[in-house]
Each structure stands twice: as structure tokens, then as C-alpha cells.
Amino acid sequence: MSSESNDNAIDAAAVAAVAAEERRKAEEKAAKDEETCKSYVRSGLDRNVTVKFLYERLTQLGCKPPDNLIRCVNCKDNQRGGGFGAVEEIDVSSVDDNRNRNDSCVQTKQEIDALLAKQRDGGAKLKLVPEIYLCQDHLRDKTHAHEAMVHELIHAVDMCRTKMDPIKNCIHMACTEIRAENLSGECHWLREVQGGRLLTDFVGHGAKCVKRRAALSVKANPNCADKAEEYVDAAFERCFKDTFPFDRHPNLR
């Protein structure tokens, strides 16, 4: 074997070794992120009064949460703390509700877009399966995780108490996003300061934050993206005042 061939073999082995080490580190990080996320979920279910209250109200409303309602998943490039629901095709020929997807990863925008396009073409009927996922790779700390849990549980309450169809009805989606942003604590003034958005705009920051964040969520639905701000504006006055199932805003107790 020539000297050049030996050098090429050594280079290939070095590249393979580096790639293997990067995979090992990524797997270790994913395992650590998952365990941390699961500890946040456990502490939320056991000790966070708002999370516990929402679980109790779901049961009282006739929608007892399953044991696996909240999952920790790898969201990769989807920069968010969590999400609610999985868009699935209704199979009228089967009552089997098993899902042919990877439960360790969040449903991608491309997958959702493909299902929505299929529905628009008349090739499918879709349903929103109630479930909550936390993005284990993007959670900042326990407070962030608990706020995300409250946010998604507000969606669960809305799905339980109404015939909400956020896939096709953009006003429905805007309303539940407004309520979730408002009641979760994610628009607390301290969060806005930490995000650098409250330095010169303190007056009315809560409503402005809720509108901004709700519009971003509505834009994630291709059926609603073009007029997201208009849908949020149309639903805002009524839905911002709606504190159900709380008797008042939980952050003002």
C-alpha cells in the first residue's frame, strides 16, 4: 500500500472517530435533557399548585388526564418550550388509535403541512389528538417547564369544555392561544425584562406580550398564517378577559 493510501485511510479513520464521539456526546446530552425534563414534569405534577389545579379541573370537567398526557421530546430546531396536540388523519376503516410516528421527537412542521394539504385536497379528515409535549432540549429551567405545562393545560381545558377546532377554525386557535399566553405566566413582566422587551415599553406590556406570542402561535398553522394578527385582534377582547377555570387571573391571586 502506498504512502498516500495510508494517509487516506488514517484520515478516514480520524473522521469516523470524531463523528462517533460527536454522536456519543449528543446521545449523552439527549439522555440528560430527558431526565431533567421528566424531573420538571414530576415536580410540576406533585408540587405546582396551578398545574395540580388544572389537572383537577380537567377531571371535574369529565376529561381525566391519562398518565402519559405530558411527554418529554426532542424538538431539535423547533425553538419552543412545548406544544399541545398531534395532528392525525382519521382512519374510518379502523378504530386502532396507535400512531405510526416516533414518540421521542416532536411532529415536524413538514409533517403537519402535508396532512393539512391532504385535507384541503379532500383526501383526508384530520383530528387533533390531545397530548402535551415539552421540548426537553429547549427548557431553560424548572420555572420555564412549569409555565409551559400550564400553557398547554389551558389548551387541554379549552378542548375539553368546548367543541374547539383549532386546525380549521382560526378564531378558535387565536382564542385558546390568547388564554394560554395570558394565564400561564409566560407574559409576566419579569419574563419580558429577561427577554429585553420591557426596557422602554412597560405600560400595557401584558396585553402586548399576549398578542405578540399568540400571533406567533397562530402563524404556525398554515390555515391561519396569512391573517394571524387579524384573528388574534378579533378574538382578543373576549378571550383575554376569560380566566376559566380560574375565578381570577392566577398571577393576581
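In this report, we go over the structure that sits alongside the text. (Residues numbered from 1 in each chain as written. Predicted model: local features only at pLDDT ≥ 70, side-chain atom pairs only at ≥ 80, totals over all residues. Heavy atoms only, no water.)

1. Overview of the overall build of the protein
Each helix and strand counted, the protein has eight helices and three strands in total. Beginning at the N terminus, the succession of helices and strands in the protein can be written as α-α-β-β-α-β-α-α-α-α-α. Within the protein, the fraction of its 253 residues that count as buried is 40%. (Helix = DSSP H or I, 4+ residues; strand = E, 2+ residues; numbered from the N terminus. Buried < 20%, exposed > 50% of the residue type's maximum accessible area, 1.4 Å probe, protein only.)

2. Section: the nonpolar core
Core analysis: the biggest nonpolar cluster contains 27 residues, and Leu 54, Ile 70, Leu 134, Leu 153 and Ile 154 have the highest contact counts within it. Only helix 1 (3-47), helix 2 (49-60), strand 1 (70-73), strand 3 (126-135), helix 4 (142-161) and helix 5 (170-183) provide two or more residues apiece to this core. By residue number, the principal contributor to this core is helix 4, which donates nine residues. Those residues in contact with Leu 54, other than ones at most four positions away along the chain, are Val 150, Leu 153, Ile 154, Val 157, Pro 245 and Phe 246. Cys 170, Met 173, Ala 228 and Ala 235 belong to the second largest nonpolar core, which has 17 residues in total. (Core = buried A, V, L, I, M, F, W, Y, C linked by side-chain atoms within 4.5 Å. Contact = heavy atoms within 4.5 Å.)

3. A few points about the state of the cysteines
Tallying each qualifying case throughout the model produces six disulfides. Cys 37 shares a disulfide with Cys 72; S-S distance 2.1 Å. Residues Cys 37 and Cys 72 are joined through a disulfide that is left-handed, its torsion about the S-S bond being -85°. Of the two residues, Cys 37 sits in helix 1 while Cys 72 sits in strand 1, which places them 35 residues apart along the sequence. Cys 72 matches Cys 37 in its accessibility class, with the two residues each being buried. One disulfide in the model links Cys 75 with Cys 135; its S-S distance is 2.0 Å. Torsion about the S-S bond of the Cys 75 and Cys 135 cystine: about -75°, corresponding to left-handed handedness. With Cys 75 in the loop between strand 1 and strand 2 (82-89) and Cys 135 in strand 3, this pair connects stretches of sequence that are 60 residues apart. (Disulfide = S-S within 2.5 Å.)

4. Notes on helix 2
Look at helix 2: 16 Å from first C-alpha to last across twelve residues, which is about the 16 Å you get at 1.5 Å a residue. Along helix 2, the residues classified as buried are Thr 50, Val 51, Leu 54, Tyr 55, Arg 57 and Leu 58. Buried residues of helix 2 fall within an arc of 165° about the axis and therefore sit on the same side. What points out from helix 2, more than 90 degrees from its buried face, is the exposed set Val 49 and Gln 60. Backbone nitrogen of Thr 50 and a side-chain oxygen of the N-cap are separated by 3.0 Å at the start of helix 2; the cap is Asn 48. Looking one or two places after helix 2, you find Gly 62, whose phi comes out positive at around 95°. (Expected span 1.5 Å × (residues − 1). Arc of directions from axis to C-beta. Polar contact = N/O pair within 3.5 Å; in protein donor to acceptor, adjacent residues only side chain to side chain.)

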